[in-house]
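Chains, contacts and geometry: an overview
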Amino acid sequence: MKTREVKLGEVANVKRWWKRIPKGIGLINIPNGHPYIRVRDLNNKRLLELDNSYEYVDNETQKVISKYTVKTGDVVLSIVGTIGLVAIVGRTLDGANLTENCVKLSSFHGVNRDFLYYYLRSDCGQQEIRCGTVGAVQAKLPIKNIQNIAINLPDYTTQERIASLLLSIDRKIELNQKINDNLEQQAVALFKSWFVDFSLFGGTVPENWEDTTLENITTLITRGIAPKYSDNSDQTVVNQKCIRNHTIDLSLARTHTPKAINEKWLKFGDLLINSTGDGTLGRVAQVWFTPKALTVDSHVTIVRPAREELIFYIGLWGILHEKEIESLHTGSTGQTELPRDRVKMLKLLLPDDSSLSRFNSIIAPMAPTIISNQEENQKLASLRDTLLPKLMSGEIDVSNIQL
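In this text the structure is predicted, and so the values were computed from the model without any measurement. (Residues numbered from 1 in each chain as written. Predicted model: local features only at pLDDT ≥ 70, side-chain atom pairs only at ≥ 80, totals over all residues. Heavy atoms only, no water.)

All right, on to the environment of D51 then. Mapped onto the secondary structure, D51 falls in the loop between β5 (47-48) and β6 (55-57). On the accessibility criterion, D51 (25% relative accessible area) is partly exposed. Between the C-alpha atoms of D51 and V237, which are 186 residues apart in sequence, the distance is 27 Å. Residues in contact with D51, not counting those within four places in the same chain, are K45 and N245. (Helix = DSSP H or I, 4+ residues; strand = E, 2+ residues; numbered from the N terminus. Buried < 20%, exposed > 50% of the residue type's maximum accessible area, 1.4 Å probe, protein only. Contact = heavy atoms within 4.5 Å.)

Before going further, it helps to spend a moment on empty space enclosed by the protein. Within the structure shown, the criterion is met by one cavity of 30 Å³ or more. What lines the largest cavity is a set of 16 residues, among which E184, H246, W288, I319 and I370 lie closest to the centre. Among the elements that line the lining of the largest cavity, the one with the most residues is helix α6 (residues 156-195), at five residues. Residue classes in the lining of the largest cavity are distributed as seven nonpolar, seven polar and two charged. (1 Å grid on protein atoms, 1.4 Å probe; cavity = no way out; pocket = protein on both sides within 12 Å on 5 of 7 lines; lining within 4 Å. Points joined across faces, edges and corners; volume = space filled by probe spheres on them. Nonpolar A, V, L, I, M, F, W, Y, C, P; charged D, E, K, R; others polar.)

Core analysis: the biggest nonpolar cluster contains 57 residues, and L214, L272, F359 and I363 have the highest contact counts within it. For L272, the contacting residues outside a window of four places in its chain are V238, I243, I248, L266, R283, V284, A285, V287, V296, V300, T301 and I302. Within the second largest apolar cluster, 41 residues are counted, among which are V14, L77, I88 and V111. (Core = buried A, V, L, I, M, F, W, Y, C linked by side-chain atoms within 4.5 Å.)

Let us look at the sheet that holds strand β20 (residues 294-296). What the three strands build is an open sheet, ordered β17-β14-β20; its pairing is mixed. Single-partner strands in this sheet number two, and they are β17 (254-255) and β20. Across two bridges, strand β14 (residues 236-238) lies against β17 in antiparallel orientation. Pairing of T236 across the sheet is with T255, part of β17. (Pairing = 2+ DSSP bridges.)

Turning our attention to the sheet that holds β5. Within the open sheet, the five strands sit side by side as β2-β10-β7-β8-β5. Their pairing is mixed. Unpaired on one side and paired on the other, β2 (13-16) and β5 mark the two borders of the sheet. Contacts from helix α3 (residues 113-121) reach β7 (75-78), β8 (86-89) and β10 (102-106) within the one sheet, and its direction differs from that of β8 by about 160°. (Axes fitted to C-alpha atoms, helices over the stretch in contact; angles between N-to-C directions.)

Attention now moves to the packing of aromatic side chains. Two numbers describe a pair of aromatic rings. These are the distance of the centres and the angle of the planes. Within this structure, the stated rule accounts for 13 aromatic pairs. Considering the side-chain rings of F191 and Y313, the 5.2 Å spacing of their centres and the 40° angle between planes classify their relative orientation as tilted. Placement of F191 in helix α6 and of Y313 in helix α7 (residues 311-320) is noted, with a sequence separation of 122 residues between them. Judged by relative accessible area, F191 falls into the buried class, the value being 1%. Y313 sits in the buried class, given a relative accessible area of 1%. Here the aromatic rings of F195 and W209 are separated by 5.6 Å at their centres, their planes lie at 50°, and the arrangement is tilted. With F195 in helix α6 and W209 in the loop between α6 and β12 (210-213), this pair connects stretches of sequence that are 14 residues apart. Within the aromatic cluster, the residues linked to one another by ring pairs are F191, W194, F195, F198, F201, W209, Y313 and F359. Above the face of the Y229 ring, R254 is positioned so that its terminal group lies 3.8 Å from the ring centre. (Phe/Tyr/Trp six-rings, centres within 6.5 Å; stacked < 30°, edge-to-face > 60°. Lys NZ or Arg CZ within 6 Å of the ring centre and 35° of its normal.)

In structure tokens form, the structure reads like this:
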């Protein structure tokens, strides 16, 4: 594959918010302001679309930072702290504000936008980003160094074919995720109707339901292990990055030196709660697959239902109560922790067995579809990540691939 070397600044406009956003910025959790894209929102995403993980700036703050917004199709690159995350702005975030810890790339000429996205994600692109990174205490990627990132650019038709192949994989992943999100929304809506609004029971709590605590309906509430990471192992450790949007992304997990973990081996139905740090603490996901040699690190809490009938009830309760769980933290900003004892004492209603059985009969058939889509997505992501460096280097000739 013939290529020519260009600099990123030659094929795209690189722009960063030119001054630090004022201290005390008014970030709020309810969508009555302006969406605000942070570095953490770029993690493991191709297309940025508005969902319930975003925070907002209030109207007064918007007046101060209104000059730096993004448009649909802009490529966003993180340049401070966690450097090298890259994503494309979707339609629902058109006009959103962008943190000063990212740059936006726009006005592309001579380069296909999707090809550029994949190039920056590839080994060669990430190596260029690492070479331009400076700073010992806090790493950062200066604008000049971003503009000087070298890109080995094939002809435009080849760029389009490479991007199209990789996009076809990512779009299937995104479709599977949308199906899963829709099923989850149905399950959450049903849970809220039955166990929050009591729509089947005349709007009042049935007399035979009991007030209880999470500790009383579980057999295990514990933090995970302190792993020693190793590439030569079949034991995998889930970390906080793996838990996002109520799913568990094993592509971000790591293997560790084999050890006997006993009860901390994950089981089907375990509810996982991120338990350390601002922005991540309180996020939950449930194990809706059969795990093998899988555990979590010490920043994640395992909550294990006491019996099978409680699995979906506890999992969906956790999704609806993320904010309450987050509010239980201790410690100052940046050093927050979720104490296990506070998790144990969380209060909830315990429905009668008949209501649980009826609820499970509706929810349980959704689980196999969700699991199948999750497993397919993991295989597709692995295929994409294997193809990416080979396509970018020309090791695989894209002209021989039928799209």
